[in-house]
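Next come the chains, spelled out residue by residue.
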Amino acid sequence: MQLDVFTLVPHAFAWLTEQRPLAAVLGTELDLRLFSYRDTTPLRAGQVDDEPYGGGAGMVLRVDVVAAALDAVYGGQPDQRVVALTPQGRQLTQEVVEELAGEEKLTLLSARYEGFDERVVQHLASDAISIGPYVLSNGDLPAMVLVDAIARRLPGAIAEESGAWESFSVALEGGLEYPHYTRPADFNGWHVPEVLVSGDHGKIDAWRREQSRKRTVL
Ligand SMILES: C[S@@+](CC[C@H](N)C(=O)[O-])C[C@H]1O[C@@H](n2cnc3c(N)ncnc32)[C@H](O)[C@@H]1O
């Protein structure tokens, strides 16, 4: 998958690219390209934001700046999905992640301050996505959330079984994951559930599904 992120701080993504499982698919299943609006802005002195028409607080990311950035990379409007990250977008769920992870090419647009000139969302983006009902200072953390969530759904990112049985997976009927335990089996009198040390995989699977259901309806 080719995943392009337009941002004002491409270097902020360095940490993410060193983390597994993303690092495991970089250069093979995932081609992550980072572009700065500043490199292609048609304005002087690297300007990318401007005051809003009608007045009011804050600065707005200009439509001509975003259009120029897309033009420089794609030679016009890209024919892939272009996601504007905004708290006003469709809320991100695992279902949306699966949908986006199925794309061959995808573009993410990050903004800051007051956000995008609305014409970016209306005319340059095909989708608007929010990572939750709260406001962050810029779209870079939301972009990283999406990049990470998508990367772990790519082939080879994580053990197939691990991905298949995660919270919100089809195997768990969209529910929450069951609890995990590791050694020691007894710590301070806190015991690991007996079924997990029984070696009976039929019973273990049934217990896990039951726990998942209980957690989901709590
Ligand atoms: C301070 S926010 C702008 C908030 C906007 N003025 C509003 O009230 O809806 C700046 C930028 O951060 C990003 N952002 C902030 N919160 C977000 C969220 N929950 N989901 C996705 N992007 C978000 C978006 O790119 C947004 O344009």
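Above this text is the structure in question.
If you're wondering where the values come from, they're calculated on a predicted model, not measured in any experiment.

*Asks:* I tried to follow the site of the ligand on my own but got confused; where do I start?
*Replies:* Leu85, Gln88, Tyr113, Tyr134 and Leu136 are the nearest of the 20 residues found near the ligand. One of the backbone N or O atoms of Leu85 is found 2.6 Å from an oxygen atom in the ligand. Against a free-state accessible area of 580 Å², the protein chains account for coverage of 86% of the ligand. Given that more than half its atoms are within 2 Å of the pocket grid, the ligand belongs to the largest pocket. Contributing elements (two or more residues each) for the shell around the ligand: strand E5 (81-91) and strand E7 (127-130).

*Asks:* Can you help me understand empty space enclosed by the protein in this one?
*Replies:* Unoccupied space between atoms shows up once a probe the size of one water molecule is rolled over them. Evaluation of the coordinates by the stated rule reveals one cavity of 30 Å³ or more. In this structure, the largest cavity is lined by Ala171, Leu172, Glu173, Arg209, Ser212 and Arg213. When its residues are assigned to classes, the lining of the largest cavity shows two nonpolar, one polar and three charged.

*Asks:* How should I be thinking about the nonpolar core in this particular structure?
*Replies:* Soluble globular proteins tend to bury their nonpolar side chains together. Grouped together as the largest cluster of nonpolar side chains are 29 residues, with contacts concentrated most on Leu3, Leu30, Leu106, Leu108, Leu146, Val147 and Ile150. Of all the elements in the fold, those that place two or more residues in this core are strand E1 (2-7), helix H2 (22-25), E5, helix H5 (94-101), strand E6 (105-109) and helix H7 (140-151). If you tally residues by element for this core, the top one is H7, at seven residues. Not counting chain neighbours up to four residues away, the residues in contact with Val147 comprise Leu3, Val5, Leu16, Leu22, Leu32 and Leu108. Residues Tyr37, Val65, Leu70 and Tyr74 belong to the second largest nonpolar core, which totals 20 residues.

Quick notes on the rules
- The numbering scheme is per chain: residues are counted from 1 as the chain's sequence reads.
- This being a predicted model, a pLDDT of at least 70 is required before a residue's local features are given, and a value of 80 or more before pairs of side-chain atoms are given or counted; all residues contribute to the totals for chains, interfaces and linings.
- Neither water nor hydrogens contribute to the side-chain values; these are computed over all heavy atoms in the structure.
- For this description, a residue counts as near a given molecule or strand if any of its non-hydrogen atoms is within 4 Å of it.
- Side-chain atoms alone can form a polar contact between residues adjacent in sequence; in general such a contact is a pair of N or O atoms within 3.5 Å, and within protein one must be able to donate a hydrogen while the other accepts it.
- The Shrake-Rupley method, run with a 1.4 Å probe, gives the accessible areas here. Residue values count only the displayed protein chains as cover.
- The pocket and cavity definitions rest on a 1 Å grid over protein atoms only: a 1.4 Å probe that fits but cannot leave marks a cavity, an open set with protein on both sides within 12 Å along at least five of seven lines marks a pocket, and residues lining either have an atom within 4 Å of a point.
- To decide whether a molecule occupies a pocket or cavity, check its atoms: if more than half lie within 2 Å of the grid points, it is inside.
- The secondary structure listing takes helices from DSSP runs of H or I that are at least 4 residues long and strands from runs of E that are at least 2 residues long, numbered from the N terminus.
- Grid points are joined across faces, edges and corners, and a volume is the space filled by probe spheres set on the points.
- Each residue is assigned to one of three groups, with Ala, Val, Leu, Ile, Met, Phe, Trp, Tyr, Cys and Pro labelled nonpolar, Asp, Glu, Lys and Arg labelled charged, and all others, Gly among them, labelled polar.
- Working definition of a nonpolar core: buried Ala, Val, Leu, Ile, Met, Phe, Trp, Tyr and Cys residues. They are joined through side-chain atoms within 4.5 Å.
- Each residue's exposure class comes from its accessible area (1.4 Å probe, protein chains only) as a fraction of the maximum for that residue type: buried when under 20%, exposed when over 50%, partly exposed otherwise.
- The contact criterion used is simple: two residues touch if any of their non-hydrogen atoms lie within 4.5 Å.

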